[in-house]
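Here are the chains, one letter per residue:
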Amino acid sequence: MARAVTLIRSRSLSDVAEYAYAAAAPPDARLIFLAGACPLADDGTVTPVGDYAGQAARAVENLRTALHEAGADLRDLISTRVLVASGSQADLVAAWEVYRDAVGDHDVPSTLLGVTVLGYSDQLVEIEAVAAVRE
């Protein structure tokens, strides 16, 4: 079945961004709004503590699981927001690189944000997402 998400690129905007500037889904697509994917282990603990890249990898793994259970995968993402509890650009980039590698060439419109704190003790990364699929 054909994918629902169309990535939109612009020749009028800078090409340094590592994502498409917009995305669209047709009227017959079902939208899936995902809660922020957190770096939680099966027992509910944040893992690995103190590791931005490691937490981003765990958050991506949990995002894949939630997408799968909703009948989608990373190629069905239409937009994301990567939240990183740090004021350091290097920490944001460490988390971003893990996320970016996971989505590969399906580089949906995304926002990378440094925030002061996230919901769980020791949590450094969270990934919010919206996906679109055709039934």
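Residues numbered from 1 in each chain as written. Predicted model: local features only at pLDDT ≥ 70, side-chain atom pairs only at ≥ 80, totals over all residues. Heavy atoms only, no water.

Chemist: Give a description of the environment of Arg58 that names residues and reports values.
Modeler: Tracing the backbone shows Arg58 in helix α1 (residues 52-69). Measuring from C-alpha to C-alpha, the distance between Arg58 and Val46 comes to 9.1 Å, with 12 residues separating the pair along the chain. If we skip the residues at most four places from it in the chain, Arg58 touches Cys38, Pro39, Leu40, Ala41, Asp42 and Thr47. (Helix = DSSP H or I, 4+ residues; strand = E, 2+ residues; numbered from the N terminus. Contact = heavy atoms within 4.5 Å.)

Chemist: Tell me what's going on with the nonpolar core, and back it up with residues and numbers.
Modeler: Of all hydrophobic cores here, the largest spans 26 residues; its most connected members are Leu34, Leu63, Leu67, Leu77, Tyr99, Val125 and Ile127. Those elements that place two or more of their residues in this core are β3 (29-37), α1, β4 (77-85), α2 (89-103) and β6 (125-134). Among the elements that make up this core, the one with the highest residue count is α1 (6 residues). Those residues in contact with Leu63 that lie beyond four places of it in its chain are Leu34, Ala37, Leu74, Leu77, Ile127 and Ala129. Formed by 6 residues, the second largest nonpolar core is a distinct cluster that contains Ala4, Ile78, Val130 and Ala132. (Core = buried A, V, L, I, M, F, W, Y, C linked by side-chain atoms within 4.5 Å. Buried < 20%, exposed > 50% of the residue type's maximum accessible area, 1.4 Å probe, protein only.)

Chemist: Could you give me a rundown of the pattern of salt bridges, with the residues and numbers involved?
Modeler: The tally for this structure, following the rule as stated, stands at 9 salt bridges. With a closest N to O distance of 2.5 Å, Asp107 and Arg9 form a salt bridge. Placement of Asp107 in the loop between α2 and β5 (110-115) and of Arg9 in the loop between β1 (6-8) and β2 (22-24) is noted, with a sequence separation of 98 residues between them. Since its relative accessible area comes to 16%, Asp107 is described here as buried. The exposure class assigned to Arg9 is partly exposed, which follows from its relative accessible area of 49%. (Salt bridge = Lys/Arg side-chain N within 4 Å of Asp/Glu carboxyl O.)

Chemist: Before we move on, could you go through the pairing of β5 and cite the residues and values that matter?
Modeler: Two elements, β4 and β5, share 6 bridges in a ladder whose sense is parallel. Bridged to Leu83 within β5 is Leu113. Handedness of the crossover joining β4 and β5 through α2 is recorded here as right-handed. (Pairing = 2+ DSSP bridges. Right-handed = clockwise from strand over helix to strand, strands pointing away.)

Chemist: Lay out the side chain of Gln55 with the relevant residues and their values.
Modeler: Its location among the elements puts Gln55 in helix α1. Gln55 gets classed as buried once you look at its relative accessible area, which sits at 0%.

Chemist: Can you explain unusual backbone geometry? Please cite residues and give values.
Modeler: The omega angle of the peptide bond from Thr47 to Pro48 is -15 degrees, so this bond is cis rather than trans. Note on placement: Pro48 falls in the loop between β3 and α1.

Chemist: Any details on α2? Residues and values, ideally.
Modeler: The terminal C-alpha atoms of α2, which comprises 15 residues, lie 21 Å apart, in line with the 21 Å expected from a rise of 1.5 Å per residue. Of all the residues in α2, the buried ones are Asp91, Leu92, Ala95, Trp96, Tyr99 and Val103. Take α2 and look down its axis: the buried residues cluster within an arc of 125 degrees, on one side only. Opposite the buried face of α2, by more than 90 degrees, sit the exposed residues Ala90 and Asp101. Contact partners of the buried residues in α2: α1, β4, β5 and β6. At the C-terminal side of α2, Gly104 shows a positive phi close to 60 degrees. (Expected span 1.5 Å × (residues − 1). Arc of directions from axis to C-beta.)

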